[in-house]
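# A look at the structure
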Amino acid sequence: MPENYEPKIVAFFCNWCTYLAADLAGTSRMKYAPNTRVIRVMCSGRVDPQFVLEAFAKGADGVLIGGCHPGDCHYQEGNYKALRRYYLLKRMLREMGIEEERFRLEWISAAEGDRVRTVVNDMVQKVRALGPRKMNPAIEPELEEVAAS
């Protein structure tokens with residue numbers, strides 16, 4: 001593993017809960033790893049599986065999805081849709097040779113700024129321990145095709 005390796009995490013955060021929690025963490029001056037690039041989506045249910053595959057294809061070492069707690073979704077059932085997609089993607093990524101620890105779904109409400117810090121730090125630590133994502137020549141062309149479409 002490279003000596004100065006720092007993982008790149010792409011985070012898709014729900015506008016109504018997790019993104020607000022990340023904002024709260026920032027305004028409360030809570031320190032957490034700067035390895036995460038946050039993409040705000042209106043709902044975790046709007047995270048298309050292709051977004052996750054494209055993030056990995058373009059070099060992300062990990063992907064984090066953050067949404068409202070079940071039952072608290074601004075769009076009623078969006079987070080249940082996210083949960084179904086998460087299990088599907090988890091299985092697909094495992095078959096592609098991507099370790100499970102590189103993909104994560106967390107329920108974080110707007111008031112849980114400290115939880116954002118905890119989850120991000122934990123994920124960065126686990127992905128750092130795994131090291132850089134190894135490209136699988138048999139699978140990577142499939143990811144490249146997904147990213148190109």
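Everything that follows concerns the structure shown earlier in this document.
Rules used throughout
- Residues numbered from 1 in each chain as written.
- Predicted model: local features only at pLDDT ≥ 70, side-chain atom pairs only at ≥ 80, totals over all residues.
- Heavy atoms only, no water.
- Buried < 20%, exposed > 50% of the residue type's maximum accessible area, 1.4 Å probe, protein only.
- Helix = DSSP H or I, 4+ residues; strand = E, 2+ residues; numbered from the N terminus.
- Pairing = 2+ DSSP bridges.
- Right-handed = clockwise from strand over helix to strand, strands pointing away.
- Axes fitted to C-alpha atoms, helices over the stretch in contact; angles between N-to-C directions.
- Left-handed = near helix turned anticlockwise from the far one by under 90°.
- Contact = heavy atoms within 4.5 Å.
- Nonpolar A, V, L, I, M, F, W, Y, C, P; charged D, E, K, R; others polar.
- Expected span 1.5 Å × (residues − 1).
- Arc of directions from axis to C-beta.

## Comments concerning the pairing of strand E3 (residues 62-67)
Summarising burial for E3: six of the six residues are buried, a large majority. Taking every second residue as pointing to the same face, both faces of E3 are buried, with Gly62, Leu64 and Gly66 on one and Val63, Ile65 and Gly67 on the other. Bridge analysis of strand E1 (residues 9-14) against E3 gives five bridges, and the strand direction is parallel. Within E3, the position partnered with Ala11 by the bridge is Leu64. For the crossover from E3 across helix H3 (residues 78-95) to strand E4 (residues 103-107), the handedness is right-handed.

## Quick notes on the packing of helix H2 (residues 49-57) against H3
Interaxial distance between H2 and H3 falls to 10 Å at its minimum, and their mutual angle equals 35°. Like other packed secondary-structure pairs, H2 and H3 cross with a definite hand, here right-handed. Of H3, the residues touching H2 (which contributes Pro49, Val52, Leu53 and Phe56) are Arg85, Leu89, Met92 and Leu93. Broken down by class, the residue content of the contact of H2 with H3 amounts to seven nonpolar, no polar and one charged.

## Details of H3
Its 18 residues place the ends of H3 26 Å apart at the C-alpha level, agreeing with the 26 Å of an ideal helix rising 1.5 Å per residue. Contact partners of the buried residues in H3: H2 and E4. Positive phi appears at Gly97, one or two residues downstream of H3, with a value of about 90°.

## Concerning the sheet that holds E4
In spatial order, the strands read E2-E1-E3-E4; together these four strands make up an open sheet with parallel pairing. Two strands close off the open sheet at either side, each with one partner strand: strand E2 (36-41) and E4. Across this sheet, the average inter-strand angle for adjacent strands is 20°, counted without regard to direction. Against the sheet, H2 contacts E1, E3 and E4, and its axis sits at roughly 150° relative to E3. Running at roughly 170° to E4, helix H4 (residues 113-130) makes contact with E1, E2, E3 and E4 of the sheet.

## Quick word on H4
The end-to-end C-alpha distance of H4, which contains 18 residues, comes to 26 Å, matching closely the 26 Å that a straight helix rising 1.5 Å per residue would cover. Listed in full, the buried residues belonging to H4 are Gly113, Val116, Val119, Val120, Met123, Val124 and Val127. Buried positions in H4, seen along its axis, are confined to an arc of 125° and lie on one side of it. Opposite the buried face of H4, by more than 90 degrees, sit the exposed residues Gln125 and Ala129. Buried residues belonging to H4 abut E1, helix H1 (18-27), E2, E3 and E4. In the segment just after H4, Gly131 is the residue with positive phi, at about 85°.

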